[in-house]
Amino acid sequence: MSKVRVLVGTRKGAFILTSDGARRHWSVDGPHFPGWEIYHLKGSPADPNRIYVSQSSAWFGQTMQRSDDGGLTWTTTGNQFLYEGDAGTHQWYDGTPHPWEFKRVWHLEPSLTDPDSVYAGAEDAALFHSADGGATWRELSALRTHGTGPHWQPGAGGMCLHTILLHPTDPKRIVIAISAAGAFRTDDGGLTWKPINQGLRSEFIPDPNAEVGHCVHHIALHPSRPDTLFMQKHWDVMRSDNAGDRWTEVSGNLPTDFGFVIDVHAHQPETIYVVPIQSDSQHFPLDGQLRVWRSRTGGHEWEPLTHGLPQANCYVNVLRDAMAVDRLDDCGIYFGTTGGQVYVSPDGGDHWQAIVENLPAVLSVEVQTLP
Amino acid sequence: MPTLIQVELPAVLRLHAGIASHYPIPLVVEAPVTLAAVIRALESAHPALCNTLRDPATGRRRALVRFFAGGADISHQPLDAPIPEAITQGREPLLILGAIAGG
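Not measured: the values here are computed from a predicted model.

Draft legend 1. The arrangement of the environment of I5(B) in detail. All names here are of chain B. Tracing the backbone through its elements, the reader meets I5 in strand β1 (residues 3-8). In this structure I5 comes out as buried when scored by C-beta crowding, with 22 C-beta atoms within 10 Å. C-alpha of I5 to C-alpha of E92: the two residues are 87 residues apart in sequence and 8.3 Å apart in space. Apart from the residues lying within four places of it in its own chain, the contact partners of I5 are L27, V29, V33, I87, T88, G90 and L94.

Shown next, in the form of structure tokens:
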């Protein structure tokens, strides 16, 4: 019978939650790396026992971990993330030039085919790659240096590269997103990049239709339709059907289109999920009611999902990397909150239950579907 | 000539490096014994500590890492300056602390 392994990164360590295919009874293992901020951990699709971890601390910087046995044991790997050449400057919050400074790895994206190959999205924004299982890291510097970099500026969480989408069949095509620069795509394995932000409109920047400067919060795709991208922007839920060349808004009847997460059902490429958040200054659900909203039409038409979720006095947030789906026949949806809850719906969002309720603030959630 | 000193690490780094002992750890440091040499020796003996005390891009001490010797704060002395004899003669350990900064 299939199993699921949920990898949870929190402000104070990592946790591994496991269950059988029914997803009703759970084992909780952790904290791993107690006391450290775990922005992200993710397993290799090519070898599920290979798990990469970003472990960081305001005191002691960035360290990296790797497991080759599904999280039973860990090995410290390389943590030298150096910008290639003169790092230059980007815009600071007040518009003045500010030097590029490495702070942490926000997101890890293992290769779909090679367990030793993994990408890392960094703050200050840059994309790194390791071809040796995390021992050494090399910047794909053409992204940072392609021309608009001096105009990028940090969002409230820092100037982070937080989304890395690998094309399922074309290894040279990668889509990434940066707060607050926008989305970018390479079609040649990282040699060249182009901004893919046409159609995004951001009222909070001087030119709402600018080429860069948009605060993209997260992007998701379904592997069967890799040219269709779904985006939760600072405000607005967007979709593109041409790999980001043009975006259209699909917020539809959402009660607010501010939010952080967005994800796609494992078997229904037009079924997508978001968690609307009140506003950019009030990072909690509307009216204290935690609601996932589902669209079965790829956007525009949305329905609230509430069964099993707190519908009063709930003022948590759901951060951008804290939603995931499993690949079981009845697709499971998962998300974690800044209040330390991790919720699962084993039936595509109709019913929810808390797997755990009192973890440190959840930064990321990933799911592995295991044989 | 190599010198044997004692070093106390923050608990979170001991755990990270898999150092079970709660006592100061012995460390052989190549001469001249400086903070830079201590960091190199620590990273060599415990690779998990690489880049945790200094920034790999600048080589500088991380802002929230502090060094104390004989009750004195030596965090701000150059990393290549000699450290006090009380440390190099083994009379007391070099204290490495994380700054008290909440969290």
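There is more to say after this.
Draft legend 2. Representation of the pairing of strand β3 (residues 27-32) of chain A within the structure. Residues and elements named next belong to chain A. Sheet topology note: the strand β2 (residues 13-20)/β3 ladder contains four bridges and is antiparallel. Residue pairing for β3: I16 is matched across the bridge by D29. Where β2 hands over to β3, the hairpin turn is made up of six residues, of which R23 adopts a positive phi near 60°.

Draft legend 3. A look at the sheet that holds strand β18 (residues 216-221) of chain A. Residue and element names in this part refer to chain A. Here four strands make up an open sheet; going across it, the order is β18-β19-β20-β21 and the pairing antiparallel. The two strands at the open ends of the sheet, each matched to only one other strand, are β18 and β21 (248-249). Two elements, strand β19 (residues 229-233) and strand β20 (residues 237-240), share four bridges in a ladder whose sense is antiparallel. For Q232, the partnering residue across the bridge sits in β20 and is V237.

Draft legend 4. How the structure looks around the sheet that holds strand β29 (residues 353-356) of chain A. All names here are of chain A. On the basis of which strands lie adjacent, the open sheet formed by four strands has the order β26-β27-β28-β29 and antiparallel pairing. What marks the edges here is a single partner per strand, and that holds for β26 (323-325) and β29. This sheet shows a mean twist of 25° between the axes of neighbouring strands, independent of strand direction. Taken together, the three bridges between β26 and strand β27 (residues 333-336) define a ladder with antiparallel strand orientation. Counted as the bridge partner of A324 is Y334 from β27.

Cut-offs and rules
- Residues numbered from 1 in each chain as written.
- Chains lettered and ligands numbered in written order.
- Predicted model: local features only at pLDDT ≥ 70, side-chain atom pairs only at ≥ 80, totals over all residues.
- Helix = DSSP H or I, 4+ residues; strand = E, 2+ residues; numbered from the N terminus.
- Buried ≥ 20, exposed ≤ 12 C-beta atoms within 10 Å, placed from the backbone.
- Contact = placed C-beta atoms within 7 Å.
- Pairing = 2+ DSSP bridges.
- Axes fitted to C-alpha atoms, helices over the stretch in contact; angles between N-to-C directions.

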